[in-house]
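Structural features, examined
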Amino acid sequence: MAAMDLPLFQALKSKMQWHQTRQSVLAENIANANTPGYVSRDVKSYSFQDHIGLQNAAVSTAVTKVGHISGAVSGNLPAKVEKLDSFEITPDGNNVNLEEQMMKITQNQMDFQAATTLYTKGLGLIRTALSKSV
């Protein structure tokens, strides 16, 4: 078993991928701040319980037509993006609040940095343990 296959590292990788997805959704909200009728979106909250054991799960796709390519989907499921209701809506129907989006981006960046720090420290601990035992 490789160190990267440990459940802790799989969970942290999944968490970092979730943060990347959220960052792109929040950036899209900001980019559409002046688009009439645009409804802001966010990613469903991350739960480690939703991702526990998924590294071993694989879902195969069904082939419905002869020209389709069959394949397997790995255990990393995509994050669910959902539209947000907001009490603040402009006359053109846009509900993007830039201050709120910037706060979410900052929080997302801090959480991503925490996950990468845990990942890096965990790898460092494994390297230390392996170097001392030799």
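Relevant structure appears above.
Presented here is a report on the structure given in the accompanying data block. Every value quoted in this text rests on a predicted model; they were computed, and no experiment measured them. Each chain has its residues counted from 1, following the order in which its sequence is written. Local features in this predicted model are restricted to residues of pLDDT 70 or higher, and side-chain atom pairs are both shown and tallied only at a pLDDT of 80 or more, whereas totals for entire chains, interfaces and linings draw on every residue. Excluded from the side-chain calculations are hydrogens and water; all other atoms, namely the structure's heavy atoms, are used.

Brief notes about the environment of N94
Secondary structure elements are defined from DSSP: runs of H or I of at least 4 residues count as helices, runs of E of at least 2 residues count as strands, and each element is numbered from the N terminus. Positionally, N94 belongs in the loop between β4 (81-83) and α3 (98-133). Here, two residues are considered to be in contact whenever any of their heavy atoms come within 4.5 Å of each other. N94 has contacts with N32, A33, N34, T35, G37, Y38, E88 and I89, leaving out every residue within four places of it along the chain. Counted as a polar contact is a pair of N or O atoms within 3.5 Å, where, for protein atoms, one must be capable of donating a hydrogen and the other of accepting one, and residues adjacent in sequence contribute only when both atoms are in side chains. A polar contact of 2.8 Å, which involves the side chain of N94, links it to the backbone oxygen of T35.

Some details on the side chain of R22
Among the structural elements, R22 can be located in helix α1 (residues 7-31). The buried label applies to any residue whose accessible area, calculated with a 1.4 Å probe on protein chains only, is under 20% of its type's maximum; exposed applies above 50%, and partly exposed to all values in between. Looking at R22, the relative accessible area reads 11%, which means it is buried. Leave out the neighbours within four places in its chain, and R22 touches D42, V43, K104 and N108.

Describing the pattern of salt bridges
For this analysis, a salt bridge means a side-chain nitrogen from Lys or Arg found within 4 Å of a carboxyl oxygen belonging to Asp or Glu. Taken as a whole and assessed by the stated rule, the structure comprises four salt bridges. One salt bridge connects D42 with K104, and the closest N-O pair in it is separated by 3.5 Å. Within this pair, whereas D42 is found in strand β1 (residues 41-43), its partner K104 is found in helix α3, the two being separated by 62 residues in sequence. For D42, a relative accessible area of 8% puts it in the buried group. On the basis of relative accessible area, K104 is assigned to the buried category, the value being 16%. When the shortest N-O distance is used, the salt bridge between K104 and E100 registers 3.4 Å. Of this pair, K104 and E100 both sit in helix α3, separated by four residues, roughly a single helical turn. A residue is classified by how much of its surface remains accessible, and E100, at 29% relative accessible area, is partly exposed. A cluster of three or more residues bridged by salt bridges with shared partners is formed by R22, D42, E100 and K104.

Structural notes on the side chain of H19
Mapped onto the secondary structure, H19 falls in helix α1. The exposure class assigned to H19 is buried, which follows from its relative accessible area of 1%. Among the polar contacts listed, one links the side chain of H19 to the side chain of N108, at a separation of 2.6 Å. The residues touching H19, leaving out its near neighbours within four places in the chain, are N108, D111 and F112.

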